[in-house]
Amino acid sequence: MAEEKVLIGIIGGSGLYNLSNLTFIKLVNPETPWGFPSAPIAISSTPSGVKVAFVARHGEGHVFNPSSVPCRANIAALKSLGVRAIIAFSAVGSLREEIAPGSFILPTQIIDRTKGIRPVSFFEGTSIVAHTGFGDPFSNKLVKWLETEVEKALAKEGRGVKLFTDKTIVCMEGPQFSTRAESILYRQWGADLINMSVLPEAKLAREAELSYALIATATDYDSWRPHSAAVTAADVLKTLKSNAETSRLVAATILDDLHVSISGEGSDLFLEEAGGMKFSIMPRSVKQKPEDREKLSYILPDYFDGQQGSN
Ligand SMILES: CSC[C@H]1O[C@H](OP(=O)(O)O)[C@H](O)[C@@H]1O
Ligand SMILES: Nc1ncnc2[nH]cnc12
């Protein structure tokens, strides 16, 4: 029998607004120091009783554009429920011929093309400074684990969906799509995929010491192909539904084994992000405001609970 805690969080992107193939238990809507999540979080369970917390990134009815998704509240709310690992789904454009719409991809690198208008840190606006390591923006161990498990899940599903690994994703600001010149430039930079959502989500997960991986689902070829029309939302919508169905099946297939990997003995080795902020936060000082320490204790109780800036 699975334990009570909800250790796995799933963030659903465009088209993936629920995990209706699991057994729904309840909705929770924690108010965090950064506000409420995009939508109430659905707690559901697999047939064997493993629980998962699901949040729709763009909210119920897709009301948040990518630049205004309350990412800090989403990540903080998942952490407050006991989540240790997040699998985030995202609809992405492909910058490579071989990555056809309908493909699934596990990226390992990100190029940031957001424009500085999104809050990118839990420490922003506080008297506490932290410099978090982000050289490997996704959880290496979780991604490695997913490479095998998602491949198996896609094979079991039998729809012929291909999985690509070790790819680089550009995160652009949007909400408009790229120009042809930008799309061609990103290919020259070595990028393979493009979306508008992986940042600051991945950075915030790292600050909250959560393991985070992205399952990217290709919907279109963006705008780099010389003899094809540039991407439109209508192109994206065509593939969203079947990608969302496949995403639900993949999630349902991997959840039980993921729960075992992150709850059993050796889970500390798997969840390498836990404890990672220890050397990222600048030393304690009298200038750090108690209310800021209190706020940050919501996501990092090990470093801020019960301590006041007294030296
Ligand atoms: C609907 S096209 C652009 C939109 O789709 C992706 O959303 P998500 O990552 O949440 O699946 C992309 O990042 C843009 O936000
Ligand atoms: N071509 C594209 N550009 C940015 N985000 C996307 N999400 C899906 N397709 C996209």
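Residues numbered from 1 in each chain as written. Chains lettered and ligands numbered in written order. Predicted model: local features only at pLDDT ≥ 70, side-chain atom pairs only at ≥ 80, totals over all residues. Heavy atoms only, no water.

Our next topic: the overall build of the protein. Assigned secondary structure in the protein consists of 8 helices and 9 strands. At 19 Å, the protein has a C-alpha radius of gyration in line with the 19 Å of a compact globule built from 311 residues. The C-alpha extent of the protein, read off along each of the three principal axes, is 65 × 45 × 35 Å. Every one of the 311 residues in the protein was classed for burial, and the buried ones make up 55%. Intrachain contacts of the protein at a sequence separation of at least 6 include 80% that bridge at least 24 residues. Of the side-chain charges in the protein, 32 are positive and 35 negative, and the distance between the mean point of each set is 3 Å. (Helix = DSSP H or I, 4+ residues; strand = E, 2+ residues; numbered from the N terminus. Rg over C-alpha atoms; globule rule 2.2 N^0.38 Å. Buried < 20%, exposed > 50% of the residue type's maximum accessible area, 1.4 Å probe, protein only. Contact = heavy atoms within 4.5 Å. Lys, Arg positive; Asp, Glu negative; His and termini not counted. Charge placed at Lys NZ, Arg CZ, Asp CG, Glu CD.)

Our next topic: the UniProt feature "site: Important for substrate specificity" (unreviewed entry) in the protein. If you check UniProt for "site: Important for substrate specificity" (unreviewed entry), the listed places come out as Ser-178 and Ala-233 in our numbering. Sequence-wise these annotated residues cover 56 residues; spatially they are packed, their C-alpha atoms never more than 12.1 Å apart. Filtering out sequence-adjacent residues up to four positions away, Ser-178 remains in contact with Met-172, Ser-183, Tyr-186, Ile-194, Asp-222 and Ser-223. Its place among the elements puts Ala-233 in helix H5 (residues 233-263). A residue is classified by how much of its surface remains accessible, and Ala-233, at 45% relative accessible area, is partly exposed. (UniProt positions renumbered as here; feature names shortened; annotations may be inferred.)

On to the packing of aromatic side chains, then. With the rule as written, the count across this model stands at 5 aromatic pairs. Between Tyr-186 and Trp-189 the ring centres are 5.5 Å apart and the planes differ by 50°, which places this aromatic pair in the tilted class. A residue is classified by how much of its surface remains accessible, and Trp-189, at 43% relative accessible area, is partly exposed. An aromatic cluster is built from Trp-34, Phe-122 and Tyr-298, whose rings are joined through pairwise contacts. It is Arg-187 that lies over the ring of Trp-224; its NZ or CZ is 3.9 Å from the centre. (Phe/Tyr/Trp six-rings, centres within 6.5 Å; stacked < 30°, edge-to-face > 60°. Lys NZ or Arg CZ within 6 Å of the ring centre and 35° of its normal.)

We now examine the site of ligand 2. Inspection of the region around ligand 2 gives 13 residues, with Ala-91, Gly-93, Thr-219, Asp-220 and Asp-222 positioned closest. Take Gly-93: an N or O atom from its main chain is 3.2 Å from a nitrogen atom of ligand 2. Elements represented by at least two residues in the shell around ligand 2 include exactly strand S5 (85-94), strand S8 (193-195) and strand S9 (211-220). A per-element tally of the shell around ligand 2 places S5 first, with 3 residues. Residues that form the shell around ligand 2 fall into these classes: 8 nonpolar, 3 polar and 2 charged. (Near = heavy atom within 4 Å. Polar contact = N/O pair within 3.5 Å; in protein donor to acceptor, adjacent residues only side chain to side chain. Nonpolar A, V, L, I, M, F, W, Y, C, P; charged D, E, K, R; others polar.)

Surveying the vicinity of ligand 1 reveals the residues Gly-13, Ser-14, Arg-57, His-58, Pro-66, Ser-90, Ala-91, Phe-177, Asn-195, Met-196, Ser-197 and Val-236. Ser-14 is positioned such that a nitrogen or oxygen atom in its backbone is 2.8 Å from an oxygen atom of ligand 1. Between ligand 1 and the protein, one listed contact pairs an oxygen atom with a backbone N or O atom of Ala-91 at 2.8 Å. Compared with its free state, where it exposes 390 Å², ligand 1 has 88% of that area covered by protein. Along the lines of polarity and charge, the residues of the shell around ligand 1 split into 5 nonpolar, 6 polar and 1 charged. (Areas by Shrake-Rupley, 256 points an atom, 1.4 Å probe, with all protein chains shown as cover.)

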